[in-house]
Amino acid sequence: MNILMVASECVPFVKVGGLADVVGTLPKYLKELGHNVKIILPKYKSIDGKKYNLQTLPFRLNVQVGKSTQSFRIKYCKTKDKIEVYFIENMHFFNRIGVYGNAGLDYSDNKERYIFFCRAVLESVKALMFRPDIIHCNDWQTGLIPAYLKTNLKNDGFFWSTSCVFTIHNIAYQGQFSASTIEEAGFSWEDFTPDKLEYYNSVNFMKCGIAMADAVSTVSPTYAKEIKEFNGRGMEGVLNSRHDEIYGILNGIDYDYWNPLTDKYIAANYDKNKLNNKKLCKKDLQKKCGFKVSDNMHLFGCVSRLDNQKGFDIIIDALYSLKDCDMQFVILGSGDNEIRDKLKKAALNMPKKVAVFFDYDEKLAHKIYAGCDSYMMPSRFEPCGLSQMIALAYGTIPIVNRTGGLADTIEYYNHFTKEGNGFVFNITYGENFVQTVLKSDKIFKNKQNWNTLMLNALNSNFSWDKSIFKYEKMYNNLVVNKLKETIFSRS
Ligand code: ADP
Ligand code: GLC
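Quick look at the structure, then.

Conventions and cut-offs
- Residues numbered from 1 in each chain as written.
- Chains lettered and ligands numbered in written order.
- Predicted model: local features only at pLDDT ≥ 70, side-chain atom pairs only at ≥ 80, totals over all residues.
- Heavy atoms only, no water.
- Helix = DSSP H or I, 4+ residues; strand = E, 2+ residues; numbered from the N terminus.
- Near = heavy atom within 4 Å.
- Polar contact = N/O pair within 3.5 Å; in protein donor to acceptor, adjacent residues only side chain to side chain.
- Areas by Shrake-Rupley, 256 points an atom, 1.4 Å probe, with all protein chains shown as cover.
- Pairing = 2+ DSSP bridges.
- Contact = heavy atoms within 4.5 Å.
- Axes fitted to C-alpha atoms, helices over the stretch in contact; angles between N-to-C directions.
- Buried < 20%, exposed > 50% of the residue type's maximum accessible area, 1.4 Å probe, protein only.
- Nonpolar A, V, L, I, M, F, W, Y, C, P; charged D, E, K, R; others polar.
- Domains from an automatic or database assignment.
- Right-handed = clockwise from strand over helix to strand, strands pointing away.

1. Brief notes about unusual backbone geometry
Phase 1: Along the chain, V11 connects to P12 via a cis peptide bond; the corresponding omega equals 5°.
Phase 2: Along the polypeptide, P12 turns up in the loop between strand 1 (2-6) and helix 1 (18-32).
Phase 3: Of note, Y200 is a non-glycine position whose phi angle comes to about 45°, a positive value.
Phase 4: Its place among the elements puts Y200 in the loop between strand 11 (198-199) and strand 12 (202-204).

Next comes the structure, spelled out in structure tokens:
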């Protein structure tokens, strides 16, 4: 199959959160199954052309955004797994410091930026003469692509065999703009109807993706259920109208990259046979944080976008409630300024117990995953979550709220049966994070139990091996349906 993966983030080129990990990893597994996969991304300023040896294709293309004609070039490289990656280069929209915004504020022209990107992607595949069987779109930034394919381009012969998948990584970000977006994006007012592009008299890119794609997926089975039932942020109606076509496919992580045995960023390498070396990583992290170096201190970590989604209000309250316990807390994050200020205040108040780093720092992230005993993820909602899976890969024990992908991956440790890989509480049932932390601390103090728990974590497996077949099956169904449609329409 020819598969085009379209997204606004992808490792190693540009990453804000887990979307980048997924888009950077999934194609590798699809390629292993024999598919011809290409990735297409915006060429942000932060993507270093020299580092990735980007080549520029010898032509320019144009697309219309509102009244302006935007010209662009296509850059190109191959990943170490020999996957072709194309970059849409337009100075006006993408040659900026941030990805979606700067200094905690979204760019005011994100609507125009991603109208441009969607149109440019569709022009580019034609220019590249790459006829995709599947265009796989991810999140609202790509939501207009299925809409163009079902409206303006529905009779375009180039796309006769193309089906479109839309994956929801986070329904909380929707890209909702005024009705006049119809004209700016070049759609016809005839398509401004509730079953197509209209959403409460506005244009919502997420809704367009959900309503117009041939199949819709999201990143865990529990989140698929939640967004249809109660957490769809206004999308419940359109999701339920496509009820049987919404797939919940759990993300995986790349165990070649997240591997404590080969990780070059951590103080000592380890695996389940050399678990003592994890203590050296803890020591190194305690020093970096300016904490007392002691294996008896229970060290908690968190690496995250600073966003209310992640339950930072819960974490901040816990820092104060637990200040007299033998516990230390290290947090690495970037994003919301209000959360940053509150964390800064806690660290200033309790410098020996709380360390915070406000940056995007890949190296420090690895040190935290490896050096901590426990990982805090009391997310209020979590479509999938990769951080808890990464923590497990490093033998670091997640403490999570039972929601979305966290519910699908973390099982409460039972010290009688010795089963389970973490600690789970349920905000909806009024269960409490601090109480759960205290329960985990009791297990931590029993070294034999903790050791069993670390081994359970290290033995947890969330690789792409299973999920990849679910994606392949979804694509196959679409290809077969498309063929049937074509045969029937011709007969
Ligand atoms: P989300 O996609 O909602 O941000 P995930 O748990 O799916 O949450 O993925 C987050 C990814 O981003 C993980 O790989 C995590 O390590 C990484 N990450 C988040 N914030 C930072 C940061 N400040 N520095 C380095 N890595 C980060
Ligand atoms: C989103 C979600 C996160 C998920 C990631 C990758 O950013 O917030 O839960 O793991 O996408 O799908």
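2. Describing the site of ligand 1
Phase 1: Close contacts around ligand 1 come from 23 residues, with G18, R305, K310, D359 and Y369 the closest.
Phase 2: Taking G18, its main chain carries an N or O atom lying 2.6 Å from an oxygen atom of ligand 1.
Phase 3: About the coverage of ligand 1: the protein hides 94% of its 560 Å² of free accessible area.
Phase 4: Within the residue set of the shell around ligand 1, elements represented by two or more residues are helix 1, strand 15 (298-306), strand 16 (327-335), helix 12 (362-371) and helix 13 (387-393).

3. Observations regarding the sheet that holds strand 11
Phase 1: Across the sheet, 3 strands lie side by side as 10-12-11; this open sheet has antiparallel pairing. Lying at the two open borders of the sheet, with one neighbouring strand each, are strand 10 (176-178) and strand 11.
Phase 2: Across 2 bridges, the pairing between strand 11 and strand 12 is antiparallel. Within the sheet, the bridge partner assigned to Y199 lies in strand 12 and is S202.
Phase 3: Here helix 6 (residues 205-212) sits on the sheet and contacts strand 10, strand 11 and strand 12; the angle it forms with strand 12, its principal contact strand, is near 70°.

4. Remarks on the side chain of D373
Phase 1: Along the chain, the position of D373 falls in the loop between helix 12 and strand 18 (374-377).
Phase 2: In contact with D373, not counting residues within four places along its chain, are K282, M297, H298, L299, G395, T396, I397, F444 and W450.

5. Description of the side chain of H298
Phase 1: By the secondary structure assignment, H298 is in strand 15.
Phase 2: For H298, a relative accessible area of 0% corresponds to the buried category.
Phase 3: For H298, the residues in contact, after removing those within four places along its chain, are D326, M327, Q328, D373, S374, S440, D441, F444 and W450.

6. Structural notes on the site of ligand 2
Phase 1: For ligand 2, the set of nearby residues contains 14 residues, the closest of which are H169, N251, E382, C384 and G385.
Phase 2: N251 places a polar side-chain atom, nitrogen or oxygen, 2.8 Å from an oxygen atom of ligand 2.
Phase 3: Contacts to ligand 2 include P383, whose backbone N or O atom sits 3.5 Å from an oxygen atom.
Phase 4: Considering ligand 2 on its own, with 310 Å² of exposed area, one finds that the protein chains cover 94% of that surface.
Phase 5: In terms of residue count, the dominant contributor to the shell around ligand 2 is helix 1 (3 residues).
Phase 6: The residue makeup of the shell around ligand 2, split by class, is 6 nonpolar, 6 polar and 2 charged.
Phase 7: Among the domains, domain 1 (2-252 + 465-490) and domain 2 (277-459) are the pair contributing at least three residues each to the shell around ligand 2.

7. Notes on the pairing of strand 17 (residues 354-357)
Phase 1: Burial along strand 17 is two-sided: the face carrying V354 and V356 and the face carrying A355 and F357 are both buried.
Phase 2: As paired elements, strand 16 and strand 17 share 4 bridges and run parallel to each other. Bridged to V330 within strand 17 is A355.
Phase 3: The parallel pair strand 16 and strand 17 is bridged by helix 11 (residues 337-349), and the resulting crossover is right-handed.

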